[in-house]
Amino acid sequence: LTSLEEENLIFIREEEKLARDFYIEMYEKWGSLVFNNIKASEQEHMDAVLRLLVKYGIPDPASREIGVLNNTALQ
C-alpha cells in the first residue's frame, strides 16, 4: 500500500468507530432498535477495515473506550 492508502485506512477505521460510538450512545439514551441496528452496521464496517489493517500489518488506531479517538480532528 502507499502511505496515502495506509492513512486512509487508519482514518476510515476511526471514522467508523466514531459513527458506531455515536449510535451506541443514541441507543442507550433512547432505546430505539434502529440505533442498535445502525450500530451493528457500523461495527461490521469497523471489522472490515480491521481485516485490511491486519492484512497489511498496520497497527489498529481504534481505542477500546467508547468516545475515545486517536485522531484529534475526529475527537
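Provided above is the structure to which this section pertains.
Residues numbered from 1 in each chain as written. Predicted model: local features only at pLDDT ≥ 70, side-chain atom pairs only at ≥ 80, totals over all residues. Heavy atoms only, no water.

(A) Seen up close, the overall build of the protein. Counting its secondary structure elements, the protein contains 2 helices and 0 strands. Along the longest, intermediate and shortest principal axes, the C-alpha atoms of the protein span 40 × 25 × 15 Å. Intrachain contacts of the protein at a sequence separation of at least 6 include 67% that bridge at least 24 residues. As displayed, the protein offers around 5,100 Å² of accessible surface, 55% of which is attributable to carbon and sulfur atoms. (Helix = DSSP H or I, 4+ residues; strand = E, 2+ residues; numbered from the N terminus. Contact = heavy atoms within 4.5 Å. Areas by Shrake-Rupley, 256 points an atom, 1.4 Å probe, with all protein chains shown as cover.)

(B) Molecular detail of the packing of aromatic side chains. For the coordinates displayed, the defined rule picks out 2 aromatic pairs. Seen in terms of ring centroids, Phe-22 and Tyr-23 are 5.0 Å apart; in terms of plane orientation they differ by 85°. Their pairing is edge-to-face. (Phe/Tyr/Trp six-rings, centres within 6.5 Å; stacked < 30°, edge-to-face > 60°.)

(C) How the structure looks around the layout of surface pockets. Put simply, the largest pocket is a space of about 170 Å³. Every residue lining the largest pocket is listed: Arg-13, Lys-17, Arg-20, Gln-43, Met-46, Leu-50, Asp-60, Ala-62, Ser-63 and Arg-64. Broken down by secondary-structure element, the contributors of at least two residues to the lining of the largest pocket are α1 (3-30) and α2 (33-55). Counted by class, the lining of the largest pocket contains 3 nonpolar, 2 polar and 5 charged residues. (1 Å grid on protein atoms, 1.4 Å probe; cavity = no way out; pocket = protein on both sides within 12 Å on 5 of 7 lines; lining within 4 Å. Points joined across faces, edges and corners; volume = space filled by probe spheres on them. Nonpolar A, V, L, I, M, F, W, Y, C, P; charged D, E, K, R; others polar.)

(D) The arrangement of the environment of Val-68 in detail. Mapping Val-68 onto the fold places it in the segment after α2. Linking Val-68 and Asp-21, residues 47 residues apart in sequence, is a C-alpha distance of 8.9 Å.

(E) Structural context of the side chain of Ser-63. Within the secondary structure, Ser-63 is located in the segment after α2. Given a relative accessible area of 19%, Ser-63 falls into the buried group. A polar contact of 3.0 Å, which involves the side chain of Ser-63, links it to the backbone nitrogen of Glu-65. (Buried < 20%, exposed > 50% of the residue type's maximum accessible area, 1.4 Å probe, protein only. Polar contact = N/O pair within 3.5 Å; in protein donor to acceptor, adjacent residues only side chain to side chain.)

Read these as geometric descriptors, not functional statements.
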